[in-house]
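# Commentary on secondary and tertiary structure
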Amino acid sequence: MKKLVSVVMLVALIAVSTLMVVTTACAEELKMVGAISKIEMAADGRSASATLKDSKSGEEVTIIVTDELTLDKFKDKRIVEGDEIRCKFEKEGGKNSSKIFRKTAGC
Amino acid sequence: MKIKQMAAIILSSIMVMTVSWAVAGQDHGEFVTGPFKNGQEVTRVCLGCHEKQAADFMKTTHWKWAGTPNHIKGMETSKKEYGKANMMNAFCTSIQGGKDGLVHEACGKCHAGYGWTRTQYDFTRKENIDCLVCHALKGNYQRAAKGCIVDTKAMDRGVMDLELAAKSVGPPTRRNCGYCHFFGGGADAVKHAGLDSTMEKPQKAQDVHMGTKASGGQDMTCQACHVAKDHKIAGASSMMAHYDARVTCEQCHNGAKAPHQKSKNGRILNRHVATVACQTCHIPVFAKAQATKMSWKWSDVGKDIKSEDQFDKETFAKYKGSFTWGMNVTPVYAWNNGTVERYMIGDRIKDPSKPVIMACPAGTIKDKTAKIYPYKLYTGDQPMDAKFKYLSIFQQYQSLWVDYDWNKALKLGAEGSGLPYSGAYRFVNTVTYIAAEHEVSPREEALQCGECHMGGDRMNWKALGYKGDPMRFGGRFDKKK
């Protein structure tokens, strides 16, 4: 009986681990450089959506930003519409989650 | 007795209030009234109460971009002043490139003053001090990319509020210092080891001192370590000529806060302190949250090289050349006795086949005052005059970056620097040791014995002057080696 429980537990563990790996693998990581056309802060201030126009394709991509440092920059207008951004984001379930969101500026 | 007690309470309250006021800063909202059109108008208001502070500030390297070279081995007693104003490095190299210091109008973005757009600049005009870049806490204070002025375009766009900035002044935050120092070398994370824009709000794991309270860190300001006196700020960049005072770990970590007290190997660790700097064990890697530039080849300017992506940074720009980047970089280690060896403008290059040392720590195993410190080893190449055998200064900003013509850029650079150009150039490799002083890790992540000793290869013992692992062959202070 003990052996059976152990085997069931092991199978369950493997199944859960596999599912987790598959889920992670589904998330696609993309990079782009583009100007911000729109920034919308969430009412609670804990996230924002920024729409960027890809400098290569011209396509508009909306990215969800949740990191505190970037949100601060939105709030105090250090990053505003028109700024060019280098962005890395994860595309998952129709949602683009920002991983890196930085101004391209520099001499 | 009661009167004495009351007096003590009142006195204590006054002291607490005074200290709080001094630390938190006076609310300037009631003294400062706008509107303001430019930075000088704000500074004139500041001067109404702060003439002394302005006079103090004008003696600092933040204002002069120069100071006596007390940090440079062999030049400690020189009275001539050196600094960003008249030294060169292996990043954008020099601010002297171009007739009448043309480049100042861009590099001067990080001068804590207004109007230094050309070589000639009146350093006696107090109204040109930019108080706000260090002290504005609100209003999104910005300096223009060109012209050494307040960013009036940002004001026009409603992105910056100069009056709010002026009213908000207080002790500098990490963001104030970071406005320039996170962007050393011309952009985010380029120059310094472990000092980039992510340090504005780092996690404890990135920096135990500056990490936010929410992440378990101390949320310390820069000046908690870089103690300021009369506007002179302690600290010594490993590339710069002058320092006003040093920053040491021991200024806090002494007495009851002395290191390794709770460690089971405390005695052994404390024996290291005479030879190994705190940073060596407590900064095991740098550039934890963003990649830092590790090399820069100016010789690739104008070439058609495909830019790759390395740690989310570009490896080539036609106007600047090619770069490499590093993240979670393991430092290199070298002895330092508190001074540096530095390439100075006009120094002759004896053997161009070998890299020119732009900056490196001074000290050897035989120097009892020296300790082993961690460094970012930054490499690259840049032009030298093939005949005169010194590193040349070139006009990058409105010459090389526009047409990639080295000869023209070198001629213009010579006009600005006064360092003649023979008409022939070649490239020479450079090496710069940049001290890793930030991104101190939590104690759990400090180096463990086995990383350096008993086969650990983090330290190149022979290069440091030992016969081998000092645990096996003996330390430098051991009687028998």
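Secondary structure assignment for chain B yields 15 helices and 12 strands. Over its C-alpha trace chain B gives a radius of gyration of 24 Å, about what one expects of a compact globule, namely 23 Å for 481 residues. Projected onto its principal axes, the C-alpha positions of chain B cover 80 × 65 × 45 Å. For chain B, with 481 residues in total, the buried portion stands at 43%. Of the contacts made within chain B by residues no fewer than 6 positions apart, 65% connect residues no fewer than 24 positions apart.

If you tally the helices and strands in chain A, you get two helices and five strands. Across chain A, helices and strands are ordered from the amino to the carboxyl terminus as α-β-β-β-α-β-β. Here chain A holds 107 residues, and 16% of them are scored as buried. Taking the intrachain contacts of chain A between residues at least 6 apart in sequence as the baseline, contacts between residues at least 24 apart amount to 44%.

Listed as interface residues are 11 residues of chain A and, on the opposing side, 11 residues of chain B. Mapped by element, the contributors of at least two residues to the side of chain A that touches chain B are α2 (68–75) and β5 (95–103) of chain A. Taken together, the residues of the side of chain A that touches chain B sort by class into four nonpolar, one polar and six charged.

On to the packing of helix α12 (residues 396–403) of chain B against helix α13 (residues 406–417) of chain B. All names here are of chain B. One can describe the packing of α12 onto α13 by two numbers: an axis separation of 9 Å at closest approach and a directional angle of 175°. Viewed along their axes, α12 and α13 adopt a mutual orientation that is roughly antiparallel. Contacts between α12 and α13 pair Gln396, Ser399 and Leu400 from the former with Trp406, Lys408, Ala409 and Leu412 from the latter. Among the residues forming the contact of α12 with α13, the class breakdown is four nonpolar, two polar and one charged.

Okay, unusual backbone geometry next. Residues and elements named next belong to chain B. Note that the residue after Gly34, namely Pro35, is joined by a cis bond; omega there is 0°. Looking at the secondary structure, you find Pro35 in the loop between α1 (2–24) and α2 (39–47). Backbone geometry places Thr93, a non-glycine residue, at a positive phi of 75°. Checked against the element boundaries, Thr93 lands in the loop between α4 (61–64) and α5 (104–107). Here the phi dihedral of His231 falls at roughly 70°; this positive angle occurs in a residue that is not glycine. When you line up the elements, His231 lands in the loop between β1 (228–229) and β2 (232–233). Among the residues examined, His231 registers 20 C-beta atoms within 10 Å and is labelled buried.

This part takes up the confidence of the model for chain B. Residues and elements named next belong to chain B. Predicted confidence across chain B gives a mean pLDDT of 93, with 94% of residues reaching 70 or more. Considering only residues more than four positions removed or in separate chains, one finds that residues 17–21, a stretch of pLDDT under 50, has one contact. As scored by the predictor, the complex reaches a pTM of 0.90 and an ipTM of 0.80.

Quick look at the pairing of strand β3 (residues 60–65) of chain A now. Residues and elements named next belong to chain A. Direction of pairing for strand β2 (residues 48–54) relative to β3: antiparallel, over a ladder of six bridges. By the bridge assignment, Leu52 is partnered in β3 with Val61. Connecting the antiparallel pair β2 and β3 is a turn made up of five residues, with Gly58 showing a positive phi of about 80°.

Here we take up the nonpolar core. Residue and element names in this part refer to chain B. Of all hydrophobic cores here, the largest spans 68 residues; its most connected members are Ala193, Ala334, Tyr373, Tyr375, Leu410 and Ile434. Elements supplying a minimum of two residues to this core: β3 (292–297), β7 (321–326), β8 (332–336), β10 (356–361), β11 (371–385), α13 and β12 (425–435). Residue contacts for Ile434: discarding those within four places in its chain leaves Lys191, His192, Ala193, Ser238, Met239, Tyr375, Lys376 and Tyr378. In terms of nonpolar packing, the next biggest core, distinct from the first, is built from 23 residues, Cys131, Leu132, Val159 and Ala166 among them.

All right, on to helix α9 (residues 174–181) of chain B then. When α9 of chain B is considered as a whole, its buried residues turn out to be Arg174, Asn176, Cys177, Tyr179 and His181 of chain B. As for α9 of chain B, its buried residues are in contact with α6 (132–135) of chain B.

Before going further, it helps to examine the pairing of β10 of chain B. Residues and elements named next belong to chain B. Within β10, five of the six residues are buried, leaving the element largely enclosed by the surrounding structure. In this structure, strand β9 (residues 340–342) lies alongside β10, joined through three bridges in antiparallel fashion. By the bridge assignment, Val340 is partnered in β10 with Pro361. Pairing of β10 with β12 involves three bridges; the strand directions are parallel. Residue pairing in the sheet places Val356 in a bridge with Thr430 of β12.

All right, on to the environment of Asp405 of chain B then. Here Asp405 of chain B shows up in the loop between α12 and α13. Sequence separation between Asp405 of chain B and Asn140 of chain B is 265 residues, and the spatial gap between their C-alpha atoms is 38 Å.

Moving on, we come to the environment of Asn38 of chain B. All names here are of chain B. Its place among the elements puts Asn38 in the loop between α1 and α2. By the C-beta count within 10 Å, which is 13 here, Asn38 ends up partly exposed. Through-space distance from the C-alpha of Asn38 to that of Lys232 is 26 Å; in sequence the pair is 194 residues apart.

Moving on, we come to the environment of Gly115 of chain B. All names here are of chain B. Assignment of secondary structure puts Gly115 in the loop between α5 and α6. Under the C-beta neighbour-count criterion, Gly115 is labelled buried, with 20 such atoms within 10 Å. Residues Gly115 and Gly147, spaced 32 residues apart in sequence, show a C-alpha to C-alpha distance of 6.7 Å. Here Gly115 is in contact with Asn128 and Cys148, once residues within four sequence places are set aside.

What counts and what doesn't
Residues numbered from 1 in each chain as written. Chains lettered and ligands numbered in written order. Predicted model: local features only at pLDDT ≥ 70, side-chain atom pairs only at ≥ 80, totals over all residues. Helix = DSSP H or I, 4+ residues; strand = E, 2+ residues; numbered from the N terminus. Rg over C-alpha atoms; globule rule 2.2 N^0.38 Å. Buried ≥ 20, exposed ≤ 12 C-beta atoms within 10 Å, placed from the backbone. Contact = placed C-beta atoms within 7 Å. Nonpolar A, V, L, I, M, F, W, Y, C, P; charged D, E, K, R; others polar. Axes fitted to C-alpha atoms, helices over the stretch in contact; angles between N-to-C directions. Parallel < 35°, antiparallel > 145°, perpendicular 65-115°, else oblique. pLDDT = per-residue confidence, 0-100. Pairing = 2+ DSSP bridges. Core = buried A, V, L, I, M, F, W, Y, C linked by C-beta atoms within 7 Å.

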